[in-house]
Amino acid sequence: MRIAAEAFIATLILGIVGMLIDSNVGLDGNFSVVLAVATIGAFVIYAIDRKK
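Read on for a plain summary of the structure. Because the structure is a prediction, the values reported are computed rather than measured. (Residues numbered from 1 in each chain as written. Predicted model: local features only at pLDDT ≥ 70, side-chain atom pairs only at ≥ 80, totals over all residues. Heavy atoms only, no water.)

## Focus on the environment of Phe43
- As for its placement among the helices and strands, Phe43 is situated in helix H2 (residues 31-51).
- Its relative accessible area of 57% is what places Phe43 among the exposed residues.
- C-alpha separation for the pair Phe43 and Ala7, spaced 36 residues apart in sequence, amounts to 9.7 Å. (Helix = DSSP H or I, 4+ residues; strand = E, 2+ residues; numbered from the N terminus. Buried < 20%, exposed > 50% of the residue type's maximum accessible area, 1.4 Å probe, protein only.)

## With respect to the environment of Met1
- Relative to the elements of secondary structure, Met1 occurs in the segment before helix H1 (2-25).
- A relative accessible area of 64% places Met1 in the exposed class.
- Separated by 49 residues in sequence, Met1 and Arg50 have C-alpha atoms that sit 7.9 Å apart.
- Apart from the residues within four sequence positions on either side, Met1 is in contact with Tyr46 and Asp49. (Contact = heavy atoms within 4.5 Å.)

## Digging into H1
- With 24 residues, H1 ought to run about 34 Å at 1.5 Å a step, and its terminal C-alpha atoms sit 35 Å apart, in line with that.
- The complete set of buried residues in H1 reads Ala4, Ala7, Leu12, Gly15 and Met19. (Expected span 1.5 Å × (residues − 1).)

## Structural notes on the pattern of salt bridges
- Scanning the entire structure with this criterion turns up 1 salt bridge.
- When the shortest N-O distance is used, the salt bridge between Arg2 and Glu6 registers 2.9 Å. Placement of the pair is Arg2 and Glu6 together in helix H1, with a separation of 4 residues, close to one helical turn.
- Residue classification places Glu6 among the partly exposed residues on the basis of a relative accessible area of 43%. (Salt bridge = Lys/Arg side-chain N within 4 Å of Asp/Glu carboxyl O.)

Distances and angles like these do not, on their own, reveal function.
So this is what it looks like as structure tokens:
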């Protein structure tokens, strides 16, 4: 579970940085997409870690 939580937090932090870069370029930074990707990734990592 700890690995999944670390992956979730890391994805959120990197996503926020990406959104800031994206908004400065002129595109629309969408936080809901970043949150959805982070959630799906955390569940996948949790499932893989639990299967071991």
